[in-house]
There are 2 protein chains.
Amino acid sequence: MSKEKIEIIEDIYKENNIIADKVNKELNEKHVYCINVMGSPGAGKTSSLVQIIKRLTGSTAYVLEGDIESDIDTILLRKLGVEAIQINTGGACHLDSLVIENAIKGFNFKENGVLFIENIGNLVCPAEFIIGEHIKMLISSVAEGSDKPYKYPLAFEKADLILLNKADLKPYIEFDYDFYIQGIKALNKDATVFEVSAKTGDGFDEVVKWLNIKRSTKN
Amino acid sequence: MSKEKIEIIEDIYKENNIIADKVNKELNEKHVYCINVMGSPGAGKTSSLVQIIKRLTGSTAYVLEGDIESDIDTILLRKLGVEAIQINTGGACHLDSLVIENAIKGFNFKENGVLFIENIGNLVCPAEFIIGEHIKMLISSVAEGSDKPYKYPLAFEKADLILLNKADLKPYIEFDYDFYIQGIKALNKDATVFEVSAKTGDGFDEVVKWLNIKRSTKN
């Protein structure tokens, strides 16, 4: 790659990080906790959010729903009474902080709120960009196979919280749990991993307990 | 985005397309048919290739295995006697034609061969780049949900052949087949869709029959 192209890419990251810090500061002033939700297409990001949000007692949830096209998930969330705003990137493979800075203007945040930013379904590009979040939550699924931490290391390395979703499918799939965990631990000793099923709700009580502790000890 | 950045992106596409045409010409001279294999992480790209390759009688198969990191799939393919070369992008979210132009130098192609290029597991970025292929084959899976054509339209729009994999999981998953097909047809009237299971092998006889007809009528 030419020196000129490398400089422009570095410039994009630098600009992104400055705005991400601004977004994070604004959310802190409003006492809003922000979670960047990443995962492959179809890992179960939205259905996991539904399970988490219905267990979040005493806090208002807000969702920025990132998609290349469509508003299927936003419609679903609004039907459940969740304040959700659609972001359509029209092709772009990840969300960046400039998009988030503009989108959050659409919310009238209450104190002690939780903002979930559902990133584009992509196990590669979103992990490269901070967007103002306090933590990154990665949704993976048993259906994707146990080798994913080895093949897509950055997403697993950057995640604070990892949900292994679709645990209800385990009887029908070959999934080597030890190999999966070993791959994560080699990249990221600090990540917390929960096995969940967004279909049955199993495991989400523990996830929300963990999130509540994390939020209360933020500062 | 600045005018300068847009020009550089256009420049990247233009350079890529010129080299892709060169690669395609070179493969034609060697009578090698090239399939760009796309799909989400864990859709079953490699296991589908295994099912296809063992049914390809009278042709030698070659695989360029694209991954960000690891060589898990290349080791698997070589154990099965398949000529496979690993490409590690070290972070890049798609393969481009320059990478392919260099990588195919590693093969000593026989006439009537079939080259499968397994792209990075990503339902977004690979669809934007031609890499010398004759057709694009998209591997999707019932575990990803039936809304994927609506959320990731470009990959479905560009595909010539779409495999709906993991059909063996259908009894345990809510998957709206009509909604899925309707989404594809709205984007791409010409795509052929086969329901398959790379686990059981179901459906792959028809896939290979289709591929053989496509190859024989190429010119």
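Structural data are supplied above this passage.
Computed from a predicted model, the values in this text were never measured in an experiment. (Residues numbered from 1 in each chain as written. Chains lettered and ligands numbered in written order. Predicted model: local features only at pLDDT ≥ 70, side-chain atom pairs only at ≥ 80, totals over all residues.)

Right, let's talk about the overall build of chain A for a bit. In terms of regular secondary structure, chain A is built from eight helices and seven strands. The globule rule puts the C-alpha radius of gyration for 219 residues at 17 Å, and the 17 Å found for chain A is close to it. Overall, the C-alpha framework of chain A stretches about 50 × 45 × 35 Å when taken along its three principal axes. In chain A, which comprises 219 residues, the proportion classed as buried is 44%. (Helix = DSSP H or I, 4+ residues; strand = E, 2+ residues; numbered from the N terminus. Rg over C-alpha atoms; globule rule 2.2 N^0.38 Å. Buried ≥ 20, exposed ≤ 12 C-beta atoms within 10 Å, placed from the backbone.)

Turning our eyes to something else, we now look at helix H2 (residues 45–53) of chain B. Counted residue by residue, H2 of chain B has eight buried out of nine residues, so it is predominantly covered. Of the residues making up H2 of chain B, those classed as buried are Lys45, Thr46, Ser48, Leu49, Val50, Gln51, Ile52 and Ile53 of chain B.

On to the sheet that holds strand E1 (residues 33–39) of chain B. Residues and elements named next belong to chain B. Ordered in space as E3-E2-E4-E1-E5-E6-E7, the seven strands form an open sheet in which the pairing is parallel. The open sheet has two edge strands, strand E3 (83–88) and strand E7 (192–195), and neither has a second partner. Shown here is a sheet whose adjacent strand axes are inclined to one another by a mean of 20°, direction ignored. In terms of strand pairing, strand E2 (residues 61–67) meets E3 through six bridges, oriented parallel. (Pairing = 2+ DSSP bridges. Axes fitted to C-alpha atoms, helices over the stretch in contact; angles between N-to-C directions.)

Attention now goes to the sheet that holds strand E3 (residues 83–88) of chain A. Neighbouring strands of a sheet are bound in pairs by backbone hydrogen bonds; such pairs are parallel or else antiparallel. Residues and elements named next belong to chain A. Judged by pairing direction, the sheet is parallel, and its seven strands sit side by side in the order E3-E2-E4-E1-E5-E6-E7 without closing on themselves. Each having just a single partner strand, E3 and strand E7 (192–195) make up the two edges of the open sheet. Averaged over all pairs of adjacent strands, the angle between their axes in this sheet comes to 20°, without regard to strand direction. Relative to the sheet, helix H8 (residues 204–216) contacts strand E1 (33–39), strand E5 (135–141), strand E6 (161–165) and E7, its axis offset from that of E7 by approximately 155°. (Contact = placed C-beta atoms within 7 Å.)

Our focus in this paragraph is the relation of the copies chain A and chain B. Mapping chain A onto chain B leaves a residual RMSD of 0.0 Å; the transformation is a rotation of 180° accompanied by 0.0 Å of translation along its axis. In symmetry terms, the pair is related by a two-fold rotation axis. When you check the interface residues of chain A against chain B, 97% turn up at the interface there too, and the contact is symmetric in its surfaces. (Least-squares fit on C-alpha atoms with pLDDT ≥ 70 in both.)

It is worth spelling out unusual backbone geometry at this point. Even without glycine at this site, His31 of chain A takes up a positive phi of about 55°. Relative to the helices and strands, His31 of chain A resides in the loop between helix H1 (3–29) and E1. Even without glycine at this site, Lys166 of chain B takes up a positive phi of about 60°. For Lys166 of chain B, the location among the structural elements is in the loop between strand E6 (161–165) and helix H7 (177–187).

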